[in-house]
Amino acid sequence: MIFTITASLLGLLALSIPVGIVLFLLGFGVDQLFSPFPLLRGLGQVVWSSSNSSTLIAIPFFVLLGEILVRGGIAERTYEALDKWFSWLPGGLIHANIGTATMFSATSGSSVATAATVATVAMPQAEKLGYDPKLFSGAIAAGGTLGIMIPPSINLIVYGFLTETSIPRLFLAGLIPGLVMAAAFMMVTAILCKIKPTLGGTSRSFTWSERIGSLQHLLPILVLFLVVIGSIYAGWATPTESAAVGVAIAMLIAAFNRGVSREMMERCLYGTVRITAMIMLVIIGAYFLNFTLTAAGMGRELKDLLTGLNLSPMGTLMVVILLYIVLGFFIETLSLMVATIPIIVPIMTGMGFDKVWFGILLIVLIEMALITPPVGLNLYVVQGARKSGRLSEVMLGAVPFVLVMLAMIALLVAVPSVALFLPDIL
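Residues numbered from 1 in each chain as written. Predicted model: local features only at pLDDT ≥ 70, side-chain atom pairs only at ≥ 80, totals over all residues. Heavy atoms only, no water.

### Some details on the overall build of the protein
A count of helices and strands for the protein gives 20 helices and zero strands. Viewed in the frame of its principal axes, the protein has a C-alpha envelope of about 70 × 45 × 45 Å. Partitioning the contacts of the protein with sequence separation of at least 6, the portion at a separation of at least 24 is 80%. Surface exposure of the protein reaches about 18000 Å², of which carbon and sulfur atoms provide 69%. (Helix = DSSP H or I, 4+ residues; strand = E, 2+ residues; numbered from the N terminus. Contact = heavy atoms within 4.5 Å. Areas by Shrake-Rupley, 256 points an atom, 1.4 Å probe, with all protein chains shown as cover.)

### Quick notes on the confidence of the model for the protein
Mean pLDDT over the protein works out to 82, with 96% of the residues at or above the 70 mark. Here helix 14 (residues 298–308) stands out as the least confident element of the protein, with mean pLDDT 71; helix 17 (residues 355–370) is the most confident, with 92. (pLDDT = per-residue confidence, 0-100.)

### Details of the packing of aromatic side chains
A complete count under the given rule lists five aromatic pairs for this structure. Each ring, one from F24 and one from F288, has its centre 6.0 Å from the other, and the planes form 25°; the classification is stacked. Within this pair, whereas F24 is found in helix 2 (residues 19–33), its partner F288 is found in helix 13 (residues 262–296), the two being separated by 264 residues in sequence. For F24, a relative accessible area of 15% puts it in the buried group. When its relative accessible area of 0% is taken as the criterion, F288 is described as buried. Among the aromatic residues, ring-to-ring pairing joins F24, F28 and F288 into one connected group. (Phe/Tyr/Trp six-rings, centres within 6.5 Å; stacked < 30°, edge-to-face > 60°. Buried < 20%, exposed > 50% of the residue type's maximum accessible area, 1.4 Å probe, protein only.)

### What to know about the nonpolar core
Membership of the largest hydrophobic core comes to 144 residues, with the highest contact counts inside it found for F136, W357 and F358. Contact partners of F358, with chain neighbours within four places excluded, come to Y159, L317, V320, Y324, I344, V345 and M348. (Core = buried A, V, L, I, M, F, W, Y, C linked by side-chain atoms within 4.5 Å.)

### Topic: the packing of helix 15 (residues 313–328) against helix 17
The N-to-C vectors of helix 15 and helix 17 enclose an angle of 30°; their axes lie 8 Å apart at closest approach. Judged by the angle between their axes, helix 15 and helix 17 are roughly parallel. With respect to the hand of their crossing, helix 15 and helix 17 are arranged in right-handed fashion. The segment helix 15 lies against helix 17, with L317, V320, I321, Y324, I325 and G328 engaging W357, F358, L361, L362, L365, M368 and A369. (Axes fitted to C-alpha atoms, helices over the stretch in contact; angles between N-to-C directions. Parallel < 35°, antiparallel > 145°, perpendicular 65-115°, else oblique. Left-handed = near helix turned anticlockwise from the far one by under 90°.)

### Description of the side chain of S153
As for its position among the elements, S153 is in the loop between helix 8 (133–144) and helix 9 (154–163). A distance of 2.7 Å separates the side chain of S153 from the backbone oxygen of I148, its partner in a polar contact. (Polar contact = N/O pair within 3.5 Å; in protein donor to acceptor, adjacent residues only side chain to side chain.)

### Some words on the pattern of salt bridges
The full count for this structure, using the stated rule, is four salt bridges. A salt bridge links K134 to D132, with the nearest nitrogen and oxygen atoms 3.4 Å apart. The partner of E266 in a salt bridge is R262, and the shortest N-O contact between them spans 3.3 Å. Here E266 and its partner R262 are both found in helix 13, four residues apart, which amounts to about one turn of the helix. For R262, a relative accessible area of 70% translates into the label exposed. (Salt bridge = Lys/Arg side-chain N within 4 Å of Asp/Glu carboxyl O.)

### Considerations on a nonpolar patch on the surface
A contiguous nonpolar surface patch, about 380 Å² in accessible area, is contributed by I21, L25, F28, L40 and L281. Looking at which element gives the most residues to the nonpolar patch, the answer is helix 2, with three residues. Classification of L25 as partly exposed rests on a relative accessible area of 38%. (Patch = residues over 30% accessible without salt bridge, like charges linked within 9 Å, V, L, I, M, F, W, Y side chains within 5 Å.)

### Let's talk about helix 15
In a regular helix each residue adds 1.5 Å, so 16 residues correspond to 22 Å; helix 15 covers 22 Å between its end C-alpha atoms and thus fits that length. Here helix 15 has its buried residues at G315, T316, L317, V320, I321, Y324, I325, L327 and G328. (Expected span 1.5 Å × (residues − 1).)

### Let's talk about the side chain of S214
Within the secondary structure layout, S214 lies in helix 11 (residues 208–233). Polar side-chain contacts of S214 include one of 2.5 Å to the backbone oxygen of R211. Ignoring sequence-local partners within four residues, the contact set of S214 consists of A81, K84 and W85.

### Some points on unusual backbone geometry
Among all residues save glycine, negative phi is the norm, and among peptide bonds the norm is trans. Its identity is not glycine, yet E164 carries a phi of approximately 55°, on the positive side. Positionally, E164 belongs in the loop between helix 9 and helix 10 (167–195).

### Brief notes about the environment of I344
Looking at the element boundaries, I344 is found in helix 16 (residues 333–350). Residues I344 and M318, spaced 26 residues apart in sequence, show a C-alpha to C-alpha distance of 13 Å.

The following block contains the structure:
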């Protein structure tokens, strides 16, 4: 059954069928081929139970928060401010790409939204200032992945919902690895551009008065992050409530910058509905598929397969990491999470691995899937913003950052406290 389901999943995705529909079709197929019970009769209850959760309300709020920041003109001001602070480094404006992605990751919660935001603002500058298109675009794609690691993260909310794990603990656990990866991205960029200066274009410097004056454009993002995340950790608000507060503050910031209009609000609401509907379709479809797979004995088969390898817990972890790397080449990231978490996580926690730690490790693997072909979504987002050149250039530019993610996986496995330090002390 494992081989049949995997082959069917890859085959249906190859036909460009929407992921949510693919999950439902696989569920119907499992019901007909592998189960003696009429599982289809439980569809209504599965749809209701998988969507009837107050935790999931945080998703449209965080999506709307990101939409307001992008369409309210806040992204462009943030980028210009970071340009003044980072452009003197080897690599120049590429560091502003990573810095802007890091700041927006701390507010939007979405990798695709973060990559699209930075790419839209930055790409015109790359051609004007003579940057190498490969490294420049690859850095944007990689920086965008931080959106699902640095809190608030929609993917961490989904993980917490599926595994019944504390979302504030997950947010805390993702903060240090996310910031370490952002710093590593900048360090790798600086090293490459120091070795080959033509990759980074012309370095520029600004006066201290210009830099200090630009801080007024960074302050709103920092305040927004402190309010949204601080209210959760202080116990003043749930993730859903803090997201709603964040939307209100983002609207005030956009209004102060005269970025609010009827057209802007229509675009924000339309984008929020479209993205939220896609996410919910995938979650509900995955719940139905997991319901049918569990009833048909898939979890038992997979557990028997892993335990039948007679590996140690660490050996089993290496197999799971390799499995996610391979699946990440072919399956969209959110779909990969919701389709595998209910099966894999119980096996890993049963072997003694911490559920919060494994969630952060999984997010790094999912981040890698966002910038590895052929289905790396951020690669296509950045290429769409470029409007010229070849997709292979973005893929090549992302390679150094994939290596950074592999190093982060090794660090998390060797030193779990990198993720667990903040949750444990707080």
